[in-house]
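What the coordinates show
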Amino acid sequence: MKPGGFSLVESVLALGIIGTVLVAAIGILPQALNTSEQSYQRMVRALIFAHLQSQSSTSDSATDLFFDSAGTPQPTRAASTAYIGRTTKPVKASLPGSTKVSLNAAKLELSSTDGRWQDHRTVLLPP
Amino acid sequence: MKDLRQSKTRRDAGAALVLVLSLLAFVVVLALAALQVSGDQARLEALATDSMEVETLRDFPLNIVLRLLKDATTSASVLWSSQPGMIRIYGSSIPPGQSKPPALMHYRLYSAPSMRTPMLDASAEQRSMESWSGLPGTWVDLNEPIRARSGRPSYPIADPTRLNLTDGYALRQTPPGASALQPLPLPVCWFYVLKDGSMVVPQSEDADGAHFNPAQVTASNPIAGRIAFWTDDESCKLNLNTASTPLPWDRPAANTLTERAYAEISPVAAQNYADSSHPAFTSLTPVLKHFSAGHQDRIQWPPTDAADPFSAASQALWRNHLGCYQSISPTGAWMSDTSSWLNQNNRRYPTVNEFFFATNRQQNGATTGFAMMRQDLEQTHFLLTTHSASPELNPFGQPKIPLWMLPQEPLPRTVTEQRIHSLSSITATQPLAFQRASIWSDAANQGSSQSPTADWDDVPRNRQLYAWLQSQTNQPMPGVGASFASKYGTRSRDQTLLSMLDMLRWATPATQALPPSTAVNHHSAVPLQLTRSEGSADLRGFGRFPTITEVAIVFAFTDVERVNGLPLDANGDGICDRATKLRAFMVINPCIVASGPPAVSASWSVRIRRLQHFTIGQGVGLLLPGGNVRNRCAVSNLSALQGSGRAWGGGHGSYACFASQFLQPDGTPKLIGRRDDPARDFPFISNNDVRLPTGSGAPGSSLRFSGGAVIVDMMEPNASQTSPRPNDSIHSVEVLFPDRAIPMPRLLVEDFVAGPRVITQRFTPTNTQGELRLPIIQRGDIVRSMVLNAQGPTGADTRLLAAQRDVFLSEDSSSEPHFITHPDYSPAGVPLSEAPPQAQSLRDAAYLSTGQYGGPMLQPTVTASGQLLPGVTFARQATPNAPVTLHGAMQIAAGHDAGGRLGDWESGMGILEDGASVNRFHSFTSSSFSRSGAIVDDARPPPLTTAVAFGALPSGVYGDAHNTTPRPWQTLLFCPNPAGRTSSSSESGRFDSSHQDHPGFATPRDHLWLEFFWQPVTAPRPLSSEFATQGKVNLNFQIQPWTWLRRSTAIHGALHGVRLTALPTAALTSTAENAKGHLDGSPLDVQFRYRIDPDKTLAAFEARFDAGDLFRTASEVCDMFLVPSRIIGHNYDSDSSTPRDPTNLSASDMTTWWNGEQTHLTDAFEATGDNLREAPYSQIYPRVCTQSNVFKLHYRVQSIQKARSVPEDTFDSTRDRISADRRGSHLIERRYKPSATPRDPVTEADAPSLHTQQEFRSILHETFSP
């Protein structure tokens, strides 16, 4: 009596399909996770920039500020420090068509501690 | 079985695939779900990130505008003016060919390709906006509406729904890019913010987008976002926290039903809405009347003039109307008689929206009938504010000086005075306010008002402030380019300054400082004068103290030749054949130029020097006294003379206190024949009968009167009677009686039958036709007087006489003397025998229509008076206070001034006479309509509310900088329509080589004096603080750059309660319809008051703006004609001579409307005094400004994510992505920096302008998210 079960063809076909799909799915998931991480990091960095901006009019120029990966300020650099922020002021900012209006600006710099990312913004300060 | 197995096998075949596919589907679903969740999270995070990043941009407009505001408004030595969207600054240099300094810089407070430019080409700016809607990468409509939750479009700045509905809110022309969906676009430029913080605007724009300079916008410095903004001036809006609805009130200007009604409702202190200097006088009606789809039958918007406080028929409507507004106004007042009039004194509206609710969270105003809907406020945000303030600094950026005299010592200061002290103090030591050395306490402690020097000598701060004002008026004013010293010369300038200080001594709340109504010398003040050690000894103020307009000698014949004890009358004609004895006595005519309510009764002593030299005949002495004999004149209007309902009176008029030279303080007659007690004796009379030379005294004959120069000294009432000392008088006048023959009288036998006439009888008051009179001049008397010379240095302007300490005879015999003989003294061409016996024009303010001193008949006042208008005689009840020699109060030629114009005089208030007065008390009650002045106003006079009151002060007492000839009938000019103006009203008044309207128009214009003074608003709560006042309205309502949009609503509110008064000349010459009332004293049923037509008036404002100029100082409102409109329901006189109805006239017709044809003096309002012409400006000036301390920044910011397919130096709105968009507003406050180092500008010459001591902050941020 011929034993029941899947035929070799079936099994091979099924495994092939599963394999193909799983490979595709596994290939997609890291990308999705990466996108999510990037988005999160962008938000964290925006949060840190907002913090730097709010401190910019009062903080000392060129003093490093430290943040963890969630954007929480830290009093000193620590093992969990993920970002280092710095405010440089005054820097030049100009209005269209006029060099006589002296705007008070600050450059906000932010970099990751692993050295793989850095960015800067310029904000205007109260005169 | 096989079939069965085969069948089962066939069924199982492919089951694995099914399972796999099912599993696969499940995995796919899971994967998709994971991806979806991840994507959603990423999008949310991106949204949050964009939001945070656009917040970075949000501060760009704020900090740009703060920078611009700081640059524009905190500079020293420049003047700045603000308007919606722009600030302009002015220096002090006048380029050749121009009349004033041009703007040094224009600061745009909106995003524009150039934020500050020396020039403003408005037409080019308009042209650049013509095609804005087709250039979305370059321009943005800041007013783009969005559909609100209510379903209605909501506009972030200006709602077009109220256009043409709200007064002053309209389109001057269709805005470029307007459409049915957006009728009111407000475009400004986009600023593109690059990553390095620099901002750029596109160089060009086409179908591919907006293109930038590739050298600026690069891959390494890409576009991060864009911003656009515009800044409003909150002082161009009506302030819900300060404005209410006004009760028009001014001093009664005539004797009409309306003017009487004004007197009846003279405002009390809490009625801020009736105080034309208070922000509460500015009306909210132009906006609020339209609330709840306004109907003119509602309480908040009655038909024009239907709510009339002066009409019995509509008074109830008026009260409801007023109560309605009082219930919603934080400046509302308590009213004792109407419980529905509420006080919201403790309420402040933090935002316009808060106005919707009452404190009980019900709808605001619902209890008093004020109707409003939610959209009313949404649609009027552009017209209303809850924060507005403007600096109270002079053109040099230094504090203004309060119109108040503070007690020097803290103890007597009232709460108001304590507030003023605080508000006018920079340092803790001394306020920037004039101070009284001491106040009146009792008869023994009269206070410094009764001293000519105490307020100067004993108050060092006054001297410092005076010197400080001198210093400032020596310098060219920013925005003006000249100084008052360069215009008037230092001496006339100093005289003006001292006159101002002197006026503050007696015109500011006086009851406490001056002797009160219970005192003999009530409401009087001795003129302030500089001590001789100052080197300007002859500068003096006016005080409330007499000068002298006439000095008369009365020859009273006391006996005649007798036979058997009876008068000899040989021919039986009833005329005595010969006079044998006489007594001579002197009468002076006191004149108080600061007359008017409150009634005044000055006390003084008078000394007449050199009288002993007077003789008659060939050296017969008149037995008059010499030496230092004085007559103390101090009789109160409240003396015993008031018995039987009568009063001596006259306290309101210029010629007050006449009788006091003949009466003791208790009203009993002074004694004759003794000279040792100045209070009891009348010394200036022959101390015995003088016997006429033998053979003289026959009627028709004459007798020589030697005459001679005498000096009349006005002195302090208790001045020492020892020998004359230098400078012991307050005021001295020297007159020269000429050596002339006088006619001998025709003495009636009946007057001498009973024996010699008793001289003392003349000094006993008698009741004559209901009036108390002194019969000092009787029939048979010969009177000769010296009167003020209209051709002399004073031009018969008594203000010029009073302004001088000593008026002595000139050593230059060719010059005209101050005093000349009365016209009837020795009239040319008239035989002496026919010369009028009584050549005098003595006047007592107690009388007008009933006549003046004289005998046998009282002399009609009109014959004792001159003319203000040449050739025009006023009716009996309107006879002016004009010296008899005056035939036209004309300004004279002197130096470069051609003169020949009608001059400045004051219309008498109520029933009082017109003339040369300096009193502009803001007080007038119904009792002030009493000529007697016996019912003294006990109410404490309100303070001077505006420096426009200084408009009565002479400006050329010592000429000007080029010619020192005194300028009579020339006072400070605070209006565009002086009586002498002839140039077209389309010009702003001229005084140059080709046209001379008034010297006040010369640069710097007189109205700039106003900029050195202020009155802090302290009630019902301090609206003034830190040298700024809330609720003032900016004259510069032009909106930059959207000049097609008109928003003059706030000025409409400021003009709403203003009343203009114009007295037709015909109404003063007519006996029947006279401005001073009917002959019986009853009021006239005619209206002399006008509303201001705001549209016609403001058309001239817009013409000024369109010509490229702004109002640089608030005082420049005095350059603008106010176009009147008649008040409905009132009678403006149907007399054919009444000037025409101004209904169809415009501002350019106003010179003609006021002054008529140049060749006629009775066809218009020529007889309207300077005070009435300036009165509307005194109602407007305190409530307007040209600088704002509060601005509202409207902004729009967008963060941009560039598309990779678009070049870096291009922005394509169809492909580049706007990742976030924010709109909102910041309320920016400019205020005196609390951390500023206080320095006293009065004593520290290098103290900085307070404009440099300001700080800026955003006090309220609102996001536009309807």
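Residues numbered from 1 in each chain as written. Chains lettered and ligands numbered in written order. Predicted model: local features only at pLDDT ≥ 70, side-chain atom pairs only at ≥ 80, totals over all residues. Heavy atoms only, no water.

**As for the overall build of chain B**
Put simply, the test is: Runs of E in the DSSP output that reach at least two residues are strands. Runs of H or I that reach at least four are helices, and both are numbered from the N terminus. We call a residue buried when its accessible area falls under 20% of the maximum for its residue type, exposed when it is over 50%, and partly exposed in between, using a 1.4 Å probe and counting protein chains only. Contact criterion: two residues are considered in contact whenever any of their non-hydrogen atoms come within 4.5 Å of each other. Only the protein chains shown count as cover for residues, and all accessible areas are computed by the Shrake-Rupley method using a 1.4 Å probe. In summary, the charge assignment counts Lys and Arg as positive and Asp and Glu as negative, without counting His or the chain termini. We put the charge of a Lys on NZ, of an Arg on CZ, of an Asp on CG and of a Glu on CD.
For chain B, the count of helices and strands is 17 helices and 52 strands. Principal-axis analysis of the C-alpha atoms places the extent of chain B at approximately 190 × 60 × 60 Å. With 1266 residues in all, chain B has 63% of them scored as buried. Within chain B, contacts between residues separated by at least 24 positions form 74% of all contacts whose residues are at least 6 apart in sequence. As presented, chain B carries roughly 42,700 Å² of accessible surface, and 52% of it is formed by carbon and sulfur atoms. Distance between charge centres in chain B, computed from 108 positive and 117 negative side chains, equals 5 Å.

**Some points on the overall build of chain A**
The following threshold applies: A radius of gyration in this sense is built from C-alpha atoms; the matching globule rule multiplies 2.2 Å by the number of residues raised to 0.38.
Of the regular secondary structure elements, chain A holds one helix and five strands. The order of α-helices and β-strands along chain A, N terminus first, is α-β-β-β-β-β. Its C-alpha atoms give chain A a radius of gyration of 26 Å, more than 25% over the compact-globule value 14 Å for 127 residues. In terms of its C-alpha atoms, chain A occupies a principal-axis envelope of roughly 100 × 40 × 20 Å. Relative to its full complement of 127 residues, chain A shows a buried share of 35%.

**Some details on the pattern of salt bridges**
Residue and element names in this part refer to chain B. Cut-off, in case you're wondering: The term salt bridge refers to a side-chain nitrogen of Lys or Arg lying within 4 Å of a carboxyl oxygen of Asp or Glu.
According to the stated counting rule, one finds 71 salt bridges over all chains in the structure shown. The residue Asp960 makes a salt bridge to Arg967 at a minimum N-O spacing of 3.3 Å. We note that Asp960, like Arg967, is buried. Put simply, Arg1104 and Glu1116 hold a salt bridge, and the shortest N to O gap is 2.9 Å. Highlighted residues: Arg1104 in helix H15 (residues 1094-1106) and Glu1116 in the loop between H15 and strand E47 (1124-1126), separated in sequence by 12 residues. With relative accessibility at 8%, the residue Glu1116 sits in the buried group. One continuous salt-bridge network, built from bridges that share partners, spans Arg172, Arg1046, Glu1102 and Asp1106.

**What to know about the packing of helix H10 (residues 460-474) of chain B against helix H11 (residues 484-507) of chain B**
Residues and elements named next belong to chain B. Applicable threshold: Geometry is summarised by axes, namely lines fitted to C-alpha atoms with helices restricted to the contacting stretch, and by angles between N-to-C directions that run from 0 to 180 degrees. Geometric relationships in this document are graded by angle, where less than 35 degrees denotes roughly parallel, more than 145 denotes roughly antiparallel, 65 to 115 denotes roughly perpendicular, and other angles denote oblique. For any pair of crossing helices, the crossing counts as left-handed if the nearer helix is rotated counterclockwise from the farther one by less than a right angle, and right-handed if it is rotated clockwise.
Look at H10 against H11: their axes get within 10 Å of each other, and the N-to-C directions meet at 165°. Our classification of the angle between H10 and H11 gives roughly antiparallel. Considering the relative orientation of H10 and H11, their crossing is right-handed. Contact with H10, carried on its side by Tyr466, Leu469, Gln470, Thr473 and Asn474, involves Phe484, Ala485, Thr490, Arg493, Asp494, Leu497 and Leu498 of H11 and no other residues of that element.

**Side note on empty space enclosed by the protein**
Residue and element names in this part refer to chain B. Using the following cut-off: Every definition here rests on a 1 Å grid over the protein atoms only: cavities are sets of points where a 1.4 Å probe fits but cannot get out, pockets are open sets enclosed by protein on both sides within 12 Å along at least five of seven lines, and lining residues have some atom within 4 Å of a point. Grid points are joined across faces, edges and corners, and a volume is the space filled by probe spheres set on the points. Gly is placed with the polar residues, together with every amino acid not listed as nonpolar (Ala, Val, Leu, Ile, Met, Phe, Trp, Tyr, Cys and Pro) or charged (Asp, Glu, Lys and Arg).
Going through the model one piece at a time under the given rule, you end up with 15 cavities of 30 Å³ or more. Approximately 210 Å³ is the volume attributed to the largest cavity. Around the largest cavity, the lining comprises 17 residues; the ones closest to its centre are Asp250, Arg251, Arg920, His922 and Ser1178. Taken together, the residues of the lining of the largest cavity sort by class into seven nonpolar, six polar and four charged. In this structure, the second largest cavity spans a volume of roughly 180 Å³. If you go around the second largest cavity, you meet 20 residues; those closest to its centre are Ser595, Gly908, Met909, Glu913 and Ser917. In terms of residue class, the lining of the second largest cavity is built from four nonpolar, 12 polar and four charged.

**As for the interface of chain B and chain A**
We apply this condition: Put simply, buried area is how much 1.4 Å-probe accessible surface two parts lose in total, over both of them, once they are put together. N or O atoms closer than or at 3.5 Å make up a polar contact, with two conditions inside protein: a donor-capable atom paired with an acceptor-capable one, and, for residues adjacent in sequence, both atoms drawn from side chains.
Listed by partner, the interface residues are 48 residues for chain B and 41 residues for chain A. Buried surface at the junction of chain B and chain A, both sides included, amounts to about 3,800 Å², of which 66% is carbon and sulfur. Across the chain B-chain A interface, the total number found is two salt bridges. With a shortest N-O distance of 2.9 Å, Lys195(B) and Asp119(A) are connected by a salt bridge. At the boundary of chain B with chain A, the tally comes to nine residue pairs in polar contact (both at pLDDT 80 or more). For the side of chain B that touches chain A, the secondary-structure elements that each account for two or more residues are helix H2 (15-73) and strand E11 (199-200) of chain B. Among the elements that make up the side of chain B that touches chain A, the one with the highest residue count is H2(B) (32 residues). Looking at the side of chain B that touches chain A residue by residue, the class counts come to 26 nonpolar, 10 polar and 12 charged.

**Details of a nonpolar patch on the surface**
Stated precisely, the cut-off is as follows: Like charges are joined within 9 Å and nonpolar side chains (Val, Leu, Ile, Met, Phe, Trp, Tyr) within 5 Å, but only among residues with over 30% relative accessible area and no salt bridge; these make up the patches.
On the surface, a cluster of nonpolar side chains totalling about 300 Å² of accessible area is made up of Ile28(A), Val28(B), Leu32(B) and Leu35(B). Per-element tally for the nonpolar patch: the top contributor is H2(B), with three residues. Relative to the helices and strands, Ile28(A) is located in helix H1 (residues 8-56). Residue Ile28(A) is classed as partly exposed on the basis of its relative accessible area of 38%.

**What to know about the sheet that holds strand E14 (residues 223-233) of chain B**
All names here are of chain B. Here is the rule we go by: Two strands qualify as a pair provided DSSP detects at least 2 bridges between them.
Read from one edge of the open sheet, six strands run E11-E10-E14-E49-E51-E52, paired in antiparallel fashion. Looking at which strands have only one partner, the edges of the open sheet turn out to be E11 and strand E52 (1254-1263). In this sheet, E52 lies alongside strand E51 (residues 1217-1232) in antiparallel orientation, the contact comprising nine bridges. Residue pairing across strands places Ile1228 opposite Ser1258, the latter belonging to E52. Sheet strands touched by H2: strand E10 (191-194), E11, E14, strand E49 (1190-1201), E51 and E52. Its angle to E49, the strand with the most contacts, is close to 140°.

**Comments concerning the confidence of the model for chain A**
Stated formally: The score called pLDDT rates the predictor's confidence residue by residue, from a low of 0 to a high of 100.
When pLDDT is averaged across chain A, the result is 85; 94% of the residues are at 70 or more. The weakest mean pLDDT in chain A belongs to H1(A) at 82; the strongest belongs to strand E2 (residues 73-74) of chain A at 94.

**Considerations on the sheet that holds strand E4 (residues 116-117) of chain B**
All names here are of chain B. Sheet architecture is open: four strands sit in the order E1-E2-E3-E4, paired in antiparallel fashion. For this open sheet the edge positions go to strand E1 (79-83) and E4, each flanked by a neighbour on one side alone. Bridge count for strand E3 (residues 103-108) against E4 is two bridges, and the pairing is antiparallel. Counterpart to His106 in the pairing with E4 is Thr117.

**Digging into the side chain of Lys1032(B)**
Residue and element names in this part refer to chain B. Inspection of the secondary structure assignment puts Lys1032 in the loop between strand E42 (1028-1030) and strand E43 (1033-1034). A polar atom in the side chain of Lys1032 sits 2.8 Å from the side chain of Glu392. If we skip the residues at most four places from it in the chain, Lys1032 touches Ser235, Ser388, Ser390, Glu392, Pro1182, Arg1183, Val1184 and Cys1185.

**Some remarks on the nonpolar core**
All names here are of chain B. Here is the rule: In plain words, nonpolar cores are sets of buried Ala, Val, Leu, Ile, Met, Phe, Trp, Tyr and Cys residues tied together by side-chain atoms within 4.5 Å.
Grouped together as the largest cluster of nonpolar side chains are 154 residues, with contacts concentrated most on Leu288, Phe355, Leu384 and Phe950. Looking at this core, the element that brings in the most residues is H11, giving 10 residues. When neighbours within four sequence positions are excluded, Phe950 is seen to be in contact with Leu403, Met500, Met503, Leu504, Leu972, Phe974 and Phe1013. By size, the runner-up hydrophobic cluster in this structure holds 76 residues, among which are Val554, Phe737, Leu774 and Leu842.

**Let's talk about the side chain of Gln838(B)**
All names here are of chain B. Within the secondary structure, Gln838 is located in strand E39 (residues 838-839). A residue is classified by how much of its surface remains accessible, and Gln838, at 14% relative accessible area, is buried. Polar contacts involving the side chain of Gln838 include one to the main-chain carbonyl oxygen of Gly855, which spans 2.9 Å. Residues within four places of Gln838 in sequence aside, it is in contact with Ile777, Gln778, Arg779, Asp781, Val783, Arg784, Gly854 and Gly855.

**Describing the environment of Leu17(B)**
Positionally, Leu17(B) belongs in helix H2. Here Leu17(B) falls in the partly exposed class, since its relative accessible area comes to 26%. When near neighbours in sequence (up to four residues on either side) are disregarded, Leu17(B) contacts Leu13(A) and Ile17(A).

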